[in-house]
Amino acid sequence: MMKLMKPFSLTSSKSGNEAYYQHRQWLRFLNVLGVGIHRIAEAQTNRIIEANQQIGNQLDNTLKQGFNEVQEYQREIHHALVDQSRIIKAGMDQIEVTLSEGFDQVSGGLSEVANRIDNVGQILVDSGERMHKGLAGIKASVDMGMMSIVSQFELQREEIQEGFVKLTDILENNRKTEARERYRDGKQEYERYLQHPDEPQFLIDAYDYLQESIKTYRGNPFCHLYLGHIYHEPAQYYDLEKALEHYLLCATYAKGIPNNPLVALGYFMAGWIHYVTGNVEAAIEAGEKSLEYDEKGIPENYFNLAKFYARQKNTPKAIDKLNTAVQKFDPLYTIKADIDDDFQEIRNDLDHYFSQIRESAAKQWDNNIQSLGIEK
């Protein structure tokens, strides 16, 4: 089972940093062992917010008072895609595709917003083979807010594990061994937090252990990846500038092992943070660097680059990156692009592209039918 979420878009928000914080607060995910990735239900979301308040987190005033403008999480798929859904999905695995229902344009307190939410607490990605393949398995169903969870599976890729073995050899002396142990403690506590986000003490412990680790040995890229995730988390340490710093350090130090897939992951996350903070040029640069180090491992990087280029109204590059995501990885990226506000910047060209791939798919179907001797 997999469901598509409408991507966060700067186009539909006035202030990227503030809007993204709100977006992350209300679109939260939970890793349930043996089950999969859940979207956290409204009641639990409130408990998480309350827990962070109690531990000293000062939430944004806009969040406390309610949204004046909230991302819209449900929109009708473009009629052209609906009409030809069977053609566009040709060649896909048989999976469930549901656009997540949720916020309309609302105002008022948190309770009013919460009452508008449908389908909360459902499984978004089940705990199967796709999830355990990380980004390459989940493909279009990835939401960037899931990355703290999905990266746990991404780090299990054989290529990245080989890099960790090399790093272990580097850490074989007294002080570096201590850094390695604190890293492992921090990783463990962070994974506990992902399972229990209403217990911020796990996040505090993870943060403290990881900070101890880099004070002893700065060059562990895995440690910087986790710190980037912690600063990306909409909780007491939320700080996108620091998240960006650590994602870039992850990429830098991964080059020294070397561990190219981890370099790519660091740049991929850095590109997203650049985008959220409004630096689209830097987002594109980081995304392209990610491709240089791992051309096939991160399907979402192609989609994000298409999104960034679309925001710049660079139609040829946007369509090229989107087409790669669609043709090489997942046809569902057509639907994801259709509901992403950034692609409205190139709407006419996007519709033309959709028409082209529908016609191509229809011809392929006709050829398949004819080869079987079946009359239409």
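A count of helical and extended segments in the chain gives 20 helices and three strands. By residue count, 55% of the 376 residues in the chain fall in the buried class.

Let us look at the packing of aromatic side chains. In the structure shown here, the tally under the stated rule is 16 aromatic pairs. Residues Tyr-302 and Phe-329 carry aromatic rings whose centres are separated by 5.6 Å and whose planes lie at 35 degrees to one another, so their mutual orientation is tilted. On the criterion of sequence distance, the pair formed by Tyr-302 in helix H17 (residues 299-311) and Phe-329 in helix H18 (residues 315-329) is long-range, its members being 27 residues apart. By the burial criterion, Tyr-302 is buried, and Phe-329 matches it. Ring pairs connect the aromatic residues Phe-8, Tyr-20, Trp-272, Tyr-275 and Phe-308, which therefore count as one cluster.

What follows covers the packing of H17 against H18. Packing of H17 against H18 brings their axes to within 7 Å, and their N-to-C directions diverge by 155 degrees. The angle between H17 and H18 places the two elements in the roughly antiparallel class. For the element pair H17 and H18, the recorded crossing hand is left-handed. Contact residues: H17 offers Pro-299, Tyr-302, Phe-303, Leu-305, Ala-306, Tyr-309 and Ala-310, while H18 offers Lys-317, Ala-318, Lys-321, Leu-322, Thr-324, Ala-325 and Phe-329.

We now examine the confidence of the model for the chain. Interpretation of this model should avoid reading the predicted coordinates in detail wherever pLDDT is low. Residues with a pLDDT of 70 or more make up 64% of the chain, whose mean pLDDT is 76. For residues 57-121, every residue scores under 50 in pLDDT, and the model assigns this stretch 142 contacts once sequence neighbours within four places are set aside.

The subject of this paragraph is the side chain of Asp-330. With respect to the helices and strands, Asp-330 occurs in the loop between H18 and helix H19 (333-338). An unpaired buried charge is present at Asp-330: no salt bridge exists, and Lys-139, the closest side chain of opposite charge, is 6.0 Å distant. Polar contacts involving the side chain of Asp-330 include one to the main-chain amide nitrogen of Leu-332, which spans 3.0 Å.

Moving on, we come to the pattern of salt bridges. Scanning all chains against the criterion turns up 17 salt bridges. Connected through shared salt-bridge partners, Lys-307, Arg-311, Asp-340 and Asp-342 make up one network.

Turning to empty space enclosed by the protein, a few remarks are in order. Taken as a whole and judged by the stated rule, the model has four cavities of 30 Å³ or more. Its volume calculated, the largest cavity comes out at about 110 Å³. For the largest cavity, the lining is made up of 13 residues, of which Arg-24, Arg-28, Phe-29, Ser-148 and Glu-233 are closest to its centre. Of all the elements in the fold, those that place two or more residues in the lining of the largest cavity are helix H9 (147-154) and helix H11 (174-195). Its residues assigned to classes, the lining of the largest cavity comprises eight nonpolar, two polar and three charged. One number sums up the size of the second largest cavity: a volume of about 80 Å³.

Turning our attention to the nonpolar core. Nonpolar side chains in soluble globular proteins tend to end up buried together. Among the nonpolar cores identified, the biggest contains 89 residues, and Met-147, Leu-265, Trp-272, Tyr-275, Leu-322 and Phe-343 are the most heavily contacted of them. In this structure, Met-147 is in contact with Leu-135, Val-142, His-229, Leu-265, Phe-268 and Met-269, ignoring residues within four places of it in sequence.

This part takes up the packing of helix H15 (residues 260-276) against helix H16 (residues 280-293). As a packed pair, H15 and H16 sit with axes 8 Å apart at the nearest point and diverge in direction by 165 degrees. Put simply, H15 runs roughly antiparallel to H16. Every pair of crossing elements has a handedness; the one defined by H15 and H16 is left-handed. The residues of H16 that touch H15, namely those facing Asn-260, Pro-261, Val-263, Ala-264, Tyr-267, Phe-268, Ala-270, Gly-271, His-274 and Tyr-275, are Val-280, Ala-282, Ala-283, Ala-286, Lys-289, Ser-290 and Tyr-293.

Three- or four-residue spacings in an α-helix give side chains the same orientation, since the helix completes a turn every 3.6 residues. For helix H12 (residues 200-216), with 17 residues, the first-to-last C-alpha span of 25 Å sits near the 24 Å given by 1.5 Å per residue. Turning to H12, its buried residues number three or more, namely Pro-200, Leu-203, Ile-204, Ala-206, Tyr-207, Leu-210, Gln-211, Ser-213 and Ile-214.

A few words on unusual backbone geometry. Note the cis peptide between Ile-257 and Pro-258, where omega equals -5 degrees. Within the secondary structure, Pro-258 is located in the loop between helix H14 (240-255) and H15. Phi is positive for Lys-313, which is not a glycine, with a value near 65 degrees.

Bringing the environment of Thr-315 into the picture now. For Thr-315, the position within the fold is in helix H18. Beyond its immediate chain neighbours, meaning those up to four positions away, Thr-315 contacts Ile-346 and Asp-349.

Our focus in this paragraph is the environment of Arg-192. Secondary-structure assignment places Arg-192 in helix H11. Its relative accessible area of 36% is what places Arg-192 among the partly exposed residues. Sequence-wise, Arg-192 and Ala-206 are 14 residues apart; in three dimensions their C-alpha atoms are separated by 9.1 Å. Side chain to side chain, Arg-192 and Glu-189 meet in a polar contact 2.8 Å long.

What counts, and where the lines are drawn
- Residues numbered from 1 in each chain as written.
- Predicted model: local features only at pLDDT ≥ 70, side-chain atom pairs only at ≥ 80, totals over all residues.
- Heavy atoms only, no water.
- Helix = DSSP H or I, 4+ residues; strand = E, 2+ residues; numbered from the N terminus.
- Buried < 20%, exposed > 50% of the residue type's maximum accessible area, 1.4 Å probe, protein only.
- Phe/Tyr/Trp six-rings, centres within 6.5 Å; stacked < 30°, edge-to-face > 60°.
- Axes fitted to C-alpha atoms, helices over the stretch in contact; angles between N-to-C directions.
- Parallel < 35°, antiparallel > 145°, perpendicular 65-115°, else oblique.
- Left-handed = near helix turned anticlockwise from the far one by under 90°.
- Contact = heavy atoms within 4.5 Å.
- pLDDT = per-residue confidence, 0-100.
- Lys, Arg positive; Asp, Glu negative; His and termini not counted.
- Salt bridge = Lys/Arg side-chain N within 4 Å of Asp/Glu carboxyl O.
- Polar contact = N/O pair within 3.5 Å; in protein donor to acceptor, adjacent residues only side chain to side chain.
- 1 Å grid on protein atoms, 1.4 Å probe; cavity = no way out; pocket = protein on both sides within 12 Å on 5 of 7 lines; lining within 4 Å.
- Points joined across faces, edges and corners; volume = space filled by probe spheres on them.
- Nonpolar A, V, L, I, M, F, W, Y, C, P; charged D, E, K, R; others polar.
- Core = buried A, V, L, I, M, F, W, Y, C linked by side-chain atoms within 4.5 Å.
- Expected span 1.5 Å × (residues − 1).

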